[in-house]
Amino acid sequence: MIIYHMVFLTGIPLQMLTAFAVDICVGDPRWFPHPVIYIGRLINFLERQMRRPARPPLYNLITGAIAVVITVGVTYGAAYLFTGVLLLPLRQYTIFNSISLYDLTAGVTGSLVLAQNGLIRSVLLVRDKLECADEEGARAAVAMIVGRDTKALTKEAIARAAIETAAENTSDAVIAPLFYFAIGGLPLALAYKAVNTLDSMIGYKNEKYLYFGRAAAKLDDIANYIPARLTGIVMVLAVFAISIVKLLRSTIGGLPVMSNEEGHSDEGGQRSALAPFTQSLTTTLRDGRKHSSPNAGIPEAAMAGALGIRLGGPSYYGGTLVEKPYIGRADEPLSVSKITDAAAITAVSSFIGLLVLMFILFGADATYGAADNQSISGNIFTETGNQFTVLLVDKHTSQLHIAEVKDNMPQISKSYGALYGRNDGDKLKEGDNKTPEGFYYITNYIPPEQLDTTLYGGGAYTLNYPNIMDKNKGKTGRGIWIHGRGAERNNEKTQGCVSLSNSDLANLRPFNLLGAPVIISGSLEFLSAEDYKKRKNKYMDRFKGFIGSWEKGDFEGFINYFDTKFRGYDGLSAKNYLNKKKRLMRTNPKRRIVVSNVNIFKEDTAKLMYSFNQLYCADNLLSYGSKRLYLMAEKEDDYRIVAEEFTQLEMEPFIEKNVISTVNKWKAVWQAKDIEKYISFYGSSFTSDTMDIKKWKAHKKDIFKKTKAIKIKLTEMKLKTVSPRKVVVSFMQEYTSGDVADRGIKTLVLSGCPGDYKIVGEAWDPA
């Protein structure tokens, strides 16, 4: 999966690579308006408006923090508007049918947040001036990239300043922007650039910015905390890579591996070849925290150790001497050639940093992809909200997967190797040694003590083969199990069952599998998150269309969902079944059909099943049960119902549950004295004594205004179903409000369907 994403770059990885490549090849063109210029102008404007030296320190602390929030917020917002709105139309265009023009444009723009090219050019310019003995030119060149005073710098001090800025800016100008690009795209990378610019402009500990710039300095420290440490790691890795390359070049060229001062080229020489790596690592660990900055010392220590030099020490800033600790050891003279080595380390560190961040992105994408592209089953779609388990058998790969459905999303949690029938294809008749393909349910578990363990091993789960769809197709046979593997089975295929190793079968036991769905397919399907959502919406929309045509009495639309080969659970043919439905539509012109626990199972491109609970509510009929619709597609996505199963569920518990829910909600809005919500529980035909719904609302509204807090307690609830659409519920009611309290029997007459009851009558009998 990682290799796949490395070959087919998209999104942020492609943008990062493009930005890095453009920066290396082009740098920052002077003719192009750089974002940092406008960020700097905004900072200057905010400083002029907000910084007040005469005000107390707290004032400047607060206004400085506000300036930081505005600068970073505006920068992020502008970048988000650019990528999320202005560039959005480019998403539909590609180059070579795979490379997004949106990603390329965002990447080219993103090159402006990187400064590897400019950094290396600037550092090498200092080197060139020193090599030409142009110390004044070198001082002018180094003054462009450092904040210290440069007029009195010696040749060695100029080189030291160039190397220090190369080390520190490897983090600030390359690794840190790449890091924020990786986790938040171009907007976050530009927001980091704003933080960095704020620090460089107002984040000083001098009299002018001590308070106004403190928030900028602290935020820069926080923003660079992780990137600086990542830079230390990649810089040490870069030194190791450079050392290995030098070692290999020396070895392959037939030259001595490495000579020490005595001229030896033995085993000790090999250790010397890797000395820059070991010194870089040890110096980073030893001196990385010596710097006054919590971050700058780490890359400087890695660089100093690699070059065998000492960085840091006293420097002048604005005419003031600043004593900085020394980092590294002066094992070698600080020659001009060390600037070249520092530039090389910066270049290799930047490249390794890019690779590390992209590899992390690829790994995260592959991990997400494993769940996204390989673990989101394209055979299960649900809107139940319940947690349940589905077994998926893939005959093509000889695997059984355990799919756990949580939050309406199926995820593969376990996969096991499985054996199936010795003959390929769908089971058609008894004795054909084929494993059936379709939708089944586990009906029972048979423990090993009730089995021939030499054949069936550690137990068996029985399936409801043949189901109604199988029977309608004339399939024969029985006794299809998911069982263990006895000693006599070895690895032979079965006579039609699904077989797991005994240890794998035992791993199924913790799952509540009685009644669990089992999908056996010639080849299962796994989808990306986007494709899964599209497929689910398509299947759900078709299901809602079917229910809607039935509820509205649209017979012509209703019959379009059925195949001519349909046969119902009662044996009726398509013609007789649909005629029966037509008569019911005429007999019950007002009906309500409520579905719940909707699950959609897909076996292959031609087979689909809808499983759901169904409430059918009409004036003279109330029915509640579990229904399964089996569908076939003669052509792509043209699914038609070919079979139906219906199991009547207990009505009284279902009605009771809905009545209790209605009464409790009614009580809650009553106690809340919310007259509009309260009256919404009453039907337009409501009467109580001499009051209709309007008088009842006015009566209750007046009471709500006059009463204090209301507390109601309901007990001893009793229900009586009068007709399919009418229920009488009575209960003991205790009412208290301030000094008022009464107790008695309240009776409510509910009209409508479960889940949509309205109160049409109310009586009160004081105790």
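Look up a bit, the structure's there.
Remember, it's a predicted structure, so these values are computed and weren't measured experimentally. (Residues numbered from 1 in each chain as written. Predicted model: local features only at pLDDT ≥ 70, side-chain atom pairs only at ≥ 80, totals over all residues. Heavy atoms only, no water.)

(A) Expanded view of the sheet that holds strand S12 (residues 460-463). The strand order S10-S9-S8-S15-S11-S12-S13-S14 describes an open sheet built from 8 strands, whose pairing is mixed. The two strands at the open ends of the sheet, each matched to only one other strand, are strand S10 (409-417) and strand S14 (498-499). As paired elements, S12 and strand S13 (residues 481-483) share 3 bridges and run antiparallel to each other. Paired with Tyr461 across the bridge in S13 is Ile482. (Pairing = 2+ DSSP bridges. Helix = DSSP H or I, 4+ residues; strand = E, 2+ residues; numbered from the N terminus.)

(B) Structural context of helix H20 (residues 574-587). The terminal C-alpha atoms of H20, which comprises 14 residues, lie 20 Å apart, in line with the 20 Å expected from a rise of 1.5 Å per residue. Turning to H20, its buried residues are Ala574, Tyr577, Leu578, Lys581 and Met585. Mapping the buried residues of H20 onto a view down its axis gives an arc of 95°, with all of them on the same face. Of the residues in H20, the exposed ones pointing more than 90 degrees away from the buried face are Lys575, Arg583, Arg586 and Thr587. As for H20, its buried residues are in contact with helix H18 (529-552), helix H19 (555-559), strand S16 (562-567), strand S17 (591-604), strand S19 (621-633) and strand S20 (639-648). (Expected span 1.5 Å × (residues − 1). Buried < 20%, exposed > 50% of the residue type's maximum accessible area, 1.4 Å probe, protein only. Arc of directions from axis to C-beta. Contact = heavy atoms within 4.5 Å.)

(C) Structural view of the pattern of salt bridges. Applying the stated criterion across every chain yields a total of 32 salt bridges. Between Glu164 and Lys324 there is a salt bridge, with the nearest N and O atoms lying 4.0 Å from each other. Taken as a pair, Glu164 in helix H8 (residues 155-202) and Lys324 in the loop between strand S5 (320-322) and strand S6 (326-328) lie far apart in primary sequence, 160 residues in all. With respect to burial, Glu164 and Lys324 carry one shared label: buried. With a closest N to O distance of 3.6 Å, Glu645 and Arg628 form a salt bridge. (Salt bridge = Lys/Arg side-chain N within 4 Å of Asp/Glu carboxyl O.)

(D) Looking closely at unusual backbone geometry. Put simply, Tyr465 and Pro466 share a cis peptide bond, and its omega is -5°. Among the secondary structure elements, Pro466 is positioned in the loop between S12 and helix H16 (468-472). Not every positive phi belongs to a glycine, and Asp637 is a case in point at roughly 65°. Along the chain, Asp637 falls in the loop between S19 and S20. On the basis of relative accessibility, which here comes to 33%, the residue Asp637 falls in the partly exposed class.

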